[in-house]
Amino acid sequence: MRVLIPLPIALPLLAAGLSMALHRRTQAQRALGLGVLTASLAATVALLVRVHAEGPIAVHVGGWGAPIGITLVADLFAAVMLVVSAAMVLAVMVYSIGSPRTADHALFFHPLYLILAAGVSSSFLAGDLFNLFVAFEVMLSASYVLITLGGTRDQIRSGMTYVVISLLASTFFVTAVGLIYAATGTVNMADLAGKVGDLPAPVRDALGLLLLVVFGIKAAIFPLFFWLPDSYPTAPTPVTAIFAGLLTKVGVYAIIRTQTLLFPSDESGSVLLLGIAVATMVVGVLGAIAQDDVKRILSFHIVSQIGYMIMGLGLFTVAGIAGAIFYIVHHIVVKTTLFLVGGLVENATGTGALRRLGGLLHRAPIIAVLFLVPALSLAGLPPFSGFVAKLALVQAGMDADRYFVVGASLVVSLLTLFSMTKIWAGVFWGTPDEEPPLESARGDGRLSVPRLMVAPTAALVAISLAVAMSAAPLYDLSRQAAEGLVERTPYIQEVLGP
Amino acid sequence: MLDAIAAVLILVGVALAVAAGLGLQRFPDVFARMHAATKPATLGLVLVLAGAALRVEQAGDVVKLLLVLILQFITAPVGAHMVGRAAYRAGTELSPTTSIDELARDRQSGWAGEGATDED
Amino acid sequence: MSRRVPSQVGAHATEGKREPSLILETCVHTLFHTALLFSVFLLFAGHNAPGGGFVGGLVAGAAFVLRYVEGGSGEVQDAAPVPGTVLMGTGLTLAVATGAAALLGDGEFLSSGKLEMDVPLLGAVKATSALAFDIGVYLVVVGLVVVILTTLGAEPDHPIEAEEAP
Amino acid sequence: MLFVLGLHAALAAVAPAAGRRLGRRVFWLCAVAPAVTLVWVLRRASGVLDGRPAEESVEWVPGLGLGFDLRMDGFSLLMVALISGVGVLVFAYSRWYFSDRPGLGRFAGTLTAFAGAMLGVVLSDNLLVLYVFWELTSVTSYLLIGFEDKKGAARAAALHALLVTAAGGLAMLGGFVLVGQAAGTYSLAAILADPPSGAVVSAGLVLVLLGAFTKSAQVPFHSWLPGAMAAPTPVSAYLHSATMVKAGVYLIARLAPAFAATVAFWRPAVITVGLATMLVGGYRALRQHDLKLLLAYGTVSQLGLMVVLVGAGRPDLTFAGAALILAHSLFKAALFLVVGVVDHQAHTRDLRVLTGLGARMPATFVVAAVAVASMAGLPPLLGFISKEAIYEAMLHTGSGVGDLAAVLGVVLGSALTFAYGARFLWGAFAAKSSPTPSGAVGPEVPAPAWPFMAPAALLAVLTVVFGLLPALASGVVEAAGSSLDQGIADLHLVLWHGVTPALGLSALTLAIGAGLYIGRSAVERAQDRMPAVPSAFGAYQASVVGLNRIAARTTGIVQNGSLPTYIGVVLVTVLLLPGVALLGVDLPEGITVAESPLQVAVVALVIAAAAGAALARRRFAAVLFLGGVGYGVAVLFIIQGAPDLALTQILVETLALVIFVLVLRHLPERFEREPWRLRQGIRVAVSAGMGLFVAAFVLVAAGSRTEEPISDEFLARALPEGGGRNVVNVILTDFRGLDTMGEITVLTVAALGIASMVAAGRRRGDT
Amino acid sequence: MRIVTSVAFLGIAVAGLLCLVRLVRGPSLADRIVALDALLVVIVSGIAIDAARTGEGTYLDVLVVAALLGFVGTVNVARFIERRGA
Amino acid sequence: MIAVLALAVGVLYAVGTYLILQRKLTQIVIGLAIMGHGANLVLLMAGGRAGRAPFSGTGDAFADPLPQALALTAIVITFGVAAFLLALSYRSWLLRHDDEVEDDVEDRRIARRANARADAG
Amino acid sequence: MSSARRRLPRQLPMVAWLLFVWLFLWEDLSVANVLAGLAVGSLLVALFPMRPRGVPGTLRLAAAAHFVGFFAWKLVEASVIVGWEVLTPQNRINEGIVAVPIRGVSETLTTLVANAISLTPGTLTLEVRHQPPTLYVHVLHLDDIDAVRRDVQYLEVLAIRAFGSSAAVTAAEAALQERVVGGREGDR
Ligand code: NA
Ligand code: NA
């Protein structure tokens, strides 16, 4: 069964290599990509089942036991993330194949996309700090290229910001790894878990905070988020969707992983994280309110909602972390969906600017429905998954007597709703204030909504509804995963041996 | 004995390298500085390589030193030529100590340089 | 002496084509294959001496850079038997497949296997999966250099407005 | 109960599609849901009235205490009957109100979902699920109010309603969690049976009350309700009578018996807010010209009264409140339906314009008159009975100053009710002699079709029947009251109490009300002369504008779009977080200056080259300095004992140089000089800080090394197990082959990126 | 031999710093690339001296590569200067 | 712990920081590269004292090989990304004649709007 | 394919050279390594064909030694001169760019001579002109233009003697007899 663990990395990478060798044979590339991503999804599901039954599984790559070699570890948290991300990657792949004006036709989309998928999986599985850096780089480098695919002026501008900030973060990541090795003589995370604790407190804190900054940039927490709303909206829709759904969450994942495994926090750490969480929520949602473009609003929402995840972590209770995990899963699905819907809008009308949109409720009701469900969910309204996630966090926060943070989270969720209605009223209600750019978007006829774009979007909406309906097992899973994060021993023993 | 020869070779080589460095400071224009830098430094390197070849223990290492030596002999003049040519073509100022420029003369009379279409 | 105007030779050179230089050409011709050979040596020797797939690949890449300085990106395209991206795809596939091959057997991902056999006349011939992996690395690196030289290296010298803008 | 809710959901889901084929008849389809509910509730009524609540339960997320625990007791029964009964009528009415137009299916579906959500609110025993349905009513009402989405006013009103009620809802959620966690359960029945107490619970109740006040349009949150008039009239009728606004009253009624006595602020808060709402609503209603708005403010006023009654937590008041809930649903629904008829026939609702409609549509007038009379508390209607019950109860509560003020307030409020009711009748139906501002509407208005009028008429008939035969309604109201408060033992609805002080109050009410009506123009003028007080609507608007402004300002500051700023923030964060954490650590002992003079020389070289790179004004010079740094670092690697690293460094440095050449041949030769000195100063400061921070950190980190590094194993195992002497290479290809795999993947990506940048071609490509 | 190599290293360091000075001073690109090229040669000499000091060939591959690469870099920059001016 | 190496690290980070705070992408790339050199030196310092090149079976007092391997990987990765960044700046030149990193248009618009409102209000 | 096969014999020296380097690099003369070297060498040559250059005619060992010796002497002499120039305070620098007509018998030989000039301190080949064959040499101490031309031309003759075809040697000797001096007019 250990064979399952490397598959989500190896399969897409192998396919990426083949896809490049298949130079410009688009059909073959599509078939290869779909096949491999489906296989990886199957592998991750099987892995989740195993891990749920047996606890964390570690693979010592190359047969070199920890801490000599690189270890890949699938605990419950990682397995859940793998499954969700594999599902998203597959759905967005279908979407991109289905969209007429799409990245899919761009040269190299397929290998890059597959590499991105491999990088994401690799990040989730990394049990070695330096390997985590490498995994991040694989994922990020693919994202750099994908976000600029097409090479328009906007993309170049935003790509520069994105790449430079990410590269800066990566440099600090390497620095942090170097410093950690200097202090402990190891980079294996399970090994570190034991050794970091022996360091003098200031050194340990500084290392933990440096990593927090590094991952915080990737996760787009306050005050390190600004690159995100500038860069995500310019990319082709499938790319933005998968970025929005997955990439920042990989950052959050890394924050949670390192902060629980390496730097289990004290009161001051908790207060710091909660402060960051509140600032992230508030600034993000205010940004969303100030925007008037669909993708930009949604991008600022990402920032805001990262705050919720950090809030769950900052509570440092099982319930809080469980809430964060549940929130992450919910958010990945819902956010991806919303961007796909944004893509449907752009595909139909040629714009995402609220001023130039209006009345789509009447002219493309299917888009309206596909938007409404995830939008309400994202705002934390019942009975959707976002509500369950929010409720979990609110309960955890109240339990931990963090009333201020809970209050802030509730206020922010109202503001989120407010900004969502901005999209609803701007896109689906009313009439455009300015002429939309596309011929077909004028007049009152029905708009073009390609079936292969709707199908995966609808599938994701269905998944998000399923997440809400079957919230009980998922929440239990999140709780168990959180317990696994708080109680580190099984993880460490699986890696290092008893 | 071998060590002594090696020491001499190395010290002379280093002296040449230092001379190259000084030349880089003292000479008036880029062409003159190239005379100073590229060549003595290369020759110095050759001497040092020879000295080192006397000292290393394995035959394979001698071969590698030899390889470097050959490489230097092939590449150093070509590099110097390319830089010099480029500097000249790019219009680098010649120092006032330059007394004659037959290349400029010939270019004024119509030859545009190697590879130009009007050649031959 | 006075400052002279730059040569006009470069002005009608296009698409990365270089003004030829006899001296450079001869030198490159002398060095190209040798550099490649040295890169192969580094590739194979890397397990026991400095070198390996990455360094070897870069040295081979340097050989292609030599071709580029000699004759521009056209020269590189002539020199490289397949497009750089295909080269890289092959390399990546080889490296990953080598690692994944272990999964088919019993081993962990990327665990190294060894193939030893006695060939008459040659004695024991050893092939390790680490070597195959390194060859993949080598190909990727060479491919990278080729891609750079044939894309960035092939671009003309003027921005877009110069030709399209009114 | 689940079946009923499921039916609503199912019909809501199919309605949009069905609407395309059925047209207006889709309302018949959707009416099935409330109709079935009504039948169901009537069949279950006897059991519930006998004190055996119906209970059903489905798990959802037990880990969070979230489950569909439904429970129908007497009070729920009353509410369900109202919701479904009025619902059937509203659907039937809609069939006639609307002309065939696209989107009716969606409208009907949303209305059905709204009805279902309201049912959910009154059937939930689980507080969290109650919240779920609560917010569903907010969302569906948003969609309903904004149905005429091309009208800006409708969109704004929808948003207004949503924001106010959702804000209250969120507060309420917070309150629920606080109360629920204090009680250890989210079951309403369990909490009421054994109410928790303490500061946390009090805080939670404040939040819950906030939610209830917003939903039930209490001052100062009332302004969304008049705005919601932008909705089609059937929606208004439904919203104002049986649903939505009653949700808050419902919740207060549920909680009051358990908490009114024990929580100090409860009664003052509820009674003050309720009375204020009652008076403000009535006062404002007197000033309106739009019949619908007039009624809306009337609703606000009545809601205030209801809150006072059910919120006081006294059995007799609670009983009176239950009676008022029933009465109000009937007459208010009827009145709205009548306004819809008038609007539909006359195409206006302006009472200054309408004239003589009473003669044109007498049936409508009669229905309206009955409903108004009930509202005004005239015998022998249901409204009179509830009014009597109210006065009766209030006179028994006590004789404190507060109680007295409450009585006076209610009397005044009721008088206002009489006055605006009369104004409504006059405005809609009377023949007016005085000239009107914009042309009279009246004589040409056709009488409505009878099925269009039937629902309102039916409601009027019920008002009369329950008035004359209060025993018919009394059972339900008693059951409702006693399920809220066990103390309601022998209270009954009675038409005639005899001559009591309560009757006197009723008479007083009538007198004042009549006076206000007769002097209506004087009252209007008086209102006009009143200094403008800050209105709730103004406050709402100001907060939205303020929010937008804050958002724009904040975003303009934190998201200024400039990369150097962004980078600066990142760097300062690094200095502030880990940097500050490191302050106060002593440098470790055992620092050597250098291991060899050569090291010093090379470091000098590196530093000089780096300085050159920083100061270079020419692009290419900077690149060459970078090369110098790279070669210097390579030598440091050699000194340190890292040949592979040095090799790689030299190769990469050179290849980087090549790429720089390929790119820089295009770019301008020089960087411009930076003119702004301050910014330069900041840069230098941040840079120095960063250098200091990392240098100190690396020394400190290396100094705190306690354990042996893991690398001895590498040296031991490389040759025997990895099969190579070059340990670094064995690590790269074997021990840590996965890293190398990632590394070549990055290179692959970089190549693809470079190729795609060039392949993007010479398109201008700006969007 | 220890003294010899120490003196030699000193000389190498001096030569390297002198090259660096020219790298900083320029003024033309040609000057700088000449300086950088010389710097690399000096570095290579240093490595060779180190090999002479220890008698080990570990770093000789670095030597070969550096010699080759220095040329590649220099010619590249020369090409650049040819088009863009010194 | 070698002070001069720490000094080099500090200077490299300082210079790198200074350069990435500039507006031209060329300077930013150079700054990142210099900072990357600093990071690699940090890794190397993490390995402890200098030693002989880590080749098995030739003696002892070896340098720590692991940081070397890590630094090597980091060098290559940074190089790859920097190369792409350069391609971006090439594209930027192609579209705009410059490699200056522009401000985000939409952000500026919103900031202007906020200021305009403030002036009006 | 056929052209490649026809080219193969002309590539043999390269393959041999590569084999030579291979064997030295590995320090291993086993059959396996020879075969491997041959394989790698031929593979490289076959995979990466290059336009064949004009190969030098024959190798005359004695003449080659003469050429190398002369060149080495010039190298040492010039190094001392330039070193002296650098180390002493006085400045004798008198730069100039001299056009030197050469015979230009083959590309390889021209390159050889040009490189030898460039390697020698004090002289640097700036440009190569193919028609008429001319080297433009930058000289650091230009005391005597004719001496510069003479030295360069003498070096070329030595190179031709060492590596040139017999026809070229004959022609060069004849020209040497005429003592062609005085720059480009002489060649016109
Ligand atoms: Na990211
Ligand atoms: Na709009």
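All of these numbers come straight from a predicted model, not from anything done at the bench.

Caption draft 1: Geometry of the overall build of chain F. Counting its secondary structure elements, chain F contains four helices and zero strands. In sequence order, chain F lays out its α and β elements as α-α-α-α. In summary, chain F has a C-alpha radius of gyration of 21 Å against a globular reference of 14 Å for 121 residues, an excess of more than 25%. In terms of overall dimensions, chain F has a C-alpha envelope of 75 × 35 × 20 Å along the principal axes.

Caption draft 2: Geometry of the overall build of chain A. Looking only at helices and strands, chain A has 20 helices and two strands in total. Here the C-alpha radius of gyration of chain A, 21 Å, is about what a compact globule of 498 residues would show, namely 23 Å. Overall size of chain A, expressed as C-alpha extent along the three principal axes, is 70 × 55 × 40 Å. For chain A, the proportion of its 498 residues judged to be buried stands at 74%.

Caption draft 3: Examining the arrangement of the chains more closely. At no point do chain A and chain B touch; the closest pair of C-alpha atoms across them sits 32 Å apart. No part of chain D reaches chain G; the closest C-alpha pair between them is 15 Å apart.

Caption draft 4: Inspection of the packing of helix α17 (residues 382–397) of chain D against helix α18 (residues 401–429) of chain D at higher detail. Residue and element names in this part refer to chain D. The N-to-C vectors of α17 and α18 enclose an angle of 160 degrees; their axes lie 9 Å apart at closest approach. The orientation of α17 with respect to α18, classified from their angle, is roughly antiparallel. For the pair α17 and α18, the crossing hand works out as left-handed. For the pair α17 and α18, the contacting residues are K387, I390, Y391, M394 and T397 in the first and D403, A406, V407, V410, V411 and S414 in the second.

Caption draft 5: Quick look at the coordination of the sodium ion (ligand 2). All names here are of chain A. Coordination of the sodium ion (ligand 2) by the protein involves L354 (O), L357 (O) and G426 (O), with metal-donor separations of 2.4 to 2.6 Å. Mapped onto the polypeptide sequence, the residues donating to the sodium ion (ligand 2) form the spacing pattern L-x2-L-x68-G. The exposure class of L357 is buried, given its relative accessible area of 2%.

Caption draft 6: Fine view of the interface of chain A and chain D. Contact with chain A, which involves 108 residues of that partner, is made by 100 residues of chain D. Both faces considered, chain A and chain D share a buried interface measuring about 8,900 Å² in area, 76% of it formed by carbon and sulfur atoms. The three residues of chain A that bury the most area against chain D are A:W64, A:I68 and A:W429, which together make up 9% of that side's buried surface. If you look at where chain A meets chain D, you find one salt bridge. As a salt-bridge pair, D:R736 and A:D128 come within 2.7 Å of each other at their nearest N and O atoms.

Caption draft 7: Looking closely at the pattern of salt bridges. Residue and element names in this part refer to chain D. All told, the structure shown has 44 salt bridges over all chains when counted by the stated rule. Ionic pairing is found between E524 and R287, a salt bridge with its closest N-O pair at 3.6 Å. With a gap of 237 residues between them, E524 in helix α22 (residues 520–529) and R287 in the loop between α12 (266–285) and α13 (291–311) connect regions that are remote in the sequence. Look at R287 and you get partly exposed, because its relative accessible area is 23%. Of the charged contacts, one joins D739 and R736 as a salt bridge, the two residues approaching to 2.7 Å between their closest N and O atoms.

Caption draft 8: Representation of the nonpolar core in the model. Counting residues in hydrophobic clusters, the biggest one holds 757 residues, and the most contacted among them are C:F64 and D:W266. When sequence neighbours within four positions are dropped, the list of residues in contact with D:W266 reads D:L205, D:L209, D:I252, D:L255, D:A256, D:F259, D:A260 and D:G311. Grouped together as the second largest cluster of nonpolar side chains are seven residues, B:F27, G:V82, G:V86 and G:L140 included.

Caption draft 9: Quick peek at empty space enclosed by the protein. Here the largest cavity defines a volume of roughly 240 Å³. Lining of the largest cavity is provided by 19 residues; of these, D:V652, D:A656, F:A33, F:F79 and F:A82 occupy positions nearest its centre. Mapped onto the lining of the largest cavity, the elements with two or more residues apiece are α27 (643–664) of chain D together with α2 (25–46) and α3 (65–96) of chain F. Of the residues in the lining of the largest cavity, the class split is 13 nonpolar, five polar and one charged.

Caption draft 10: Just unusual backbone geometry, in detail. Of note, the bond from D:P379 into D:P380 is cis; its omega dihedral lies within 30 degrees of zero at 5 degrees. Looking at the secondary structure, you find D:P380 in the loop between α16 (362–376) and α17. With omega at -10 degrees, the peptide bond leading from G:Q131 into G:P132 counts as cis. In this fold, G:P132 is placed in the loop between β2 (123–129) and β3 (134–139). Phi angles above zero are rare outside glycine, and A:A220 is one such case at about 65 degrees. Inspection of the secondary structure puts A:A220 in the loop between α8 (201–219) and α9 (227–231). According to the relative accessible area criterion, A:A220 is buried, its value standing at 0%. Even without a glycine there, the phi angle at A:D401 is positive, about 60 degrees. Residue placement: A:D401 occurs in the loop between α16 (385–399) and α17 (403–428).

Caption draft 11: Region of interest: the packing of aromatic side chains. Under the defined criterion, the tally for this structure stands at 56 aromatic pairs over all chains. Both rings, one in D:F27 and one in D:F107, keep their centres 6.0 Å apart while their planes meet at 70 degrees; by these two values the pair is edge-to-face. With D:F27 in helix α2 (residues 26–49) and D:F107 in helix α4 (residues 104–123), this pair connects stretches of sequence that are 80 residues apart. On the basis of relative accessible area, D:F27 is assigned to the buried category, the value being 0%. Members of the aromatic cluster, joined through ring pairs, are D:F27, D:F91, D:Y93, D:Y97, D:F98, D:F107, D:F147 and D:F452. For the cation-ring pair, C:R67 lies above C:F32, with the distance from its terminal atom to the ring centre recorded as 4.6 Å.

Caption draft 12: Seen up close, the pairing of strand β2 (residues 66–72) of chain D. Residues and elements named next belong to chain D. Two strands pair when backbone bridges link them, and strand β1 (residues 54–61) and β2 are joined in this way by seven bridges, in the antiparallel orientation. What sits directly across from V61, in β2, is L66. Between β1 and the antiparallel strand that follows it, β2, lie four residues; G65 among them carries a positive phi value of about 70 degrees.

Caption draft 13: Quick look at the sheet that holds β3(G). The four strands are arranged β1(B)-β1(G)-β3(G)-β2(G) in an open sheet whose pairing can be described as mixed. At either margin of the open sheet sits one strand with a lone partner, and together these are β1 (98–101) of chain B together with β2 of chain G. Ignoring strand direction, the axes of neighbouring strands in this sheet form an average angle of 25 degrees. Taken together, the three bridges between β1(B) and strand β1 (residues 95–101) of chain G define a ladder with parallel strand orientation. Note on β1(G): the bridge partner recorded for B:I100 is G:G96. On the sheet, helix α2 (residues 30–55) of chain B packs against β1, β2 and β3 of chain G and is oriented at approximately 115 degrees with respect to β2(G).

Caption draft 14: Quick look at the confidence of the model for chain F. All names here are of chain F. Summary statistics for chain F give a mean pLDDT of 86 and a share of 93% for residues scoring 70 or more. Per-element confidence in chain F ranges from a low mean pLDDT of 75 for helix α4 (residues 105–120) to a high of 95 for helix α1 (residues 3–20). The ipTM value of the predicted complex is 0.93, and its pTM value is 0.92.

Caption draft 15: Fine view of helix α2 (residues 31–47) of chain G. All names here are of chain G. Taking 1.5 Å as the rise per residue, α2 with 17 residues should run 24 Å; its terminal C-alpha atoms sit 24 Å apart, in good agreement. Where α2 is concerned, the buried positions are N33, G37, V40, G41, L44 and V45. What you see down the axis of α2 is that its buried residues fit within an arc of 125 degrees, all on one side. α2 presents L43 and A46 as exposed residues on the side facing more than 90 degrees away from its buried surface.

Caption draft 16: Spatial organisation of the pairing of strand β2 (residues 71–74) of chain A. All names here are of chain A. Both faces of β2 are covered, namely the face carrying T71 and V73 and the face carrying L72 and A74. The pairing of strand β1 (residues 57–60) with β2 spans four bridges and is classified as antiparallel. Across the sheet, the residue bridging to I57 is A74, located in β2.

Calculation rules
- Per chain, the residues get numbers from 1 upward, laid out in the order the sequence is written.
- For this description, chains carry letters from A and ligands carry numbers from 1, given in the order in which they are written.
- With the structure being a predicted model, the display of local features is reserved for residues of pLDDT at least 70 and the display and counting of side-chain atom pairs for 80 or more, all residues being used for whole-chain, interface and lining totals.
- Values shown for side chains rest on all heavy atoms present in the structure; no hydrogens or waters enter the calculation.
- Numbering goes from the N terminus for both helices and strands, where a helix is a DSSP run of H or I of at least four residues and a strand is a run of E of at least two.
- We compute the radius of gyration over the C-alpha atoms and compare it with the globule rule, which gives 2.2 Å times the number of residues raised to the power 0.38.
- Type-normalised accessible area, obtained with a 1.4 Å probe on protein chains alone, sets the label of each residue: buried when under 20%, exposed when over 50%, and partly exposed for intermediate values.
- In this description, contact between two residues means that some pair of their heavy atoms is separated by no more than 4.5 Å.
- Orientation is described by lines fitted to C-alpha atoms, with helices fitted over the stretch in contact, and by angles between N-to-C directions that extend from 0 to 180 degrees.
- Working rule for angles: under 35 degrees goes down as roughly parallel, over 145 as roughly antiparallel, 65 to 115 as roughly perpendicular, anything else as oblique.
- Two helices cross in a left-handed way if the nearer one is turned anticlockwise from the farther one by less than a right angle. They cross in a right-handed way if the turn is clockwise.
- Here the coordinating atoms are restricted to nitrogen, oxygen and sulfur within 2.8 Å of the metal centre, or 3.2 Å for Na, K and Ca, and because water is not among them the sites may look incomplete.
- Accessible area that two parts lose when put together, evaluated with a 1.4 Å probe and summed over both, is termed the buried area.
- What counts as a salt bridge is simple: a side-chain nitrogen of Lys or Arg found within 4 Å of a carboxyl oxygen of Asp or Glu.
- Put simply, buried Ala, Val, Leu, Ile, Met, Phe, Trp, Tyr and Cys residues joined by side-chain atoms within 4.5 Å make one nonpolar core.
- The method works on a 1 Å grid over the protein atoms by themselves. A cavity is a set of points holding a 1.4 Å probe that cannot get out, a pocket is an open set with protein on both sides within 12 Å along at least five of seven lines, and residues with an atom within 4 Å of a point line them.
- Grid points are joined across faces, edges and corners, and a volume is the space filled by probe spheres set on the points.
- Under the grouping applied here, Gly and all other residues not named as nonpolar or charged are polar, the nonpolar ones being Ala, Val, Leu, Ile, Met, Phe, Trp, Tyr, Cys and Pro and the charged ones Asp, Glu, Lys and Arg.
- Each Phe, Tyr or Trp ring (for Trp, its six-membered ring) is paired with any other whose centre lies within 6.5 Å, and the angle between the two planes then decides the class: stacked below 30 degrees, edge-to-face above 60, tilted in between.
- Two thresholds decide whether a charge sits over a ring: the Lys NZ or Arg CZ must be within 6 Å of the ring centre and within 35 degrees of the ring normal.
- Strands are treated as partners if at least two bridges between them are detected by DSSP.
- Known as pLDDT, the predictor's per-residue confidence is scaled from 0 to 100.
- Expected helix span is given by 1.5 Å per residue-to-residue step, counting one fewer step than there are residues.
- By definition, the arc is the one covered by directions from the helix axis to the C-beta atoms.

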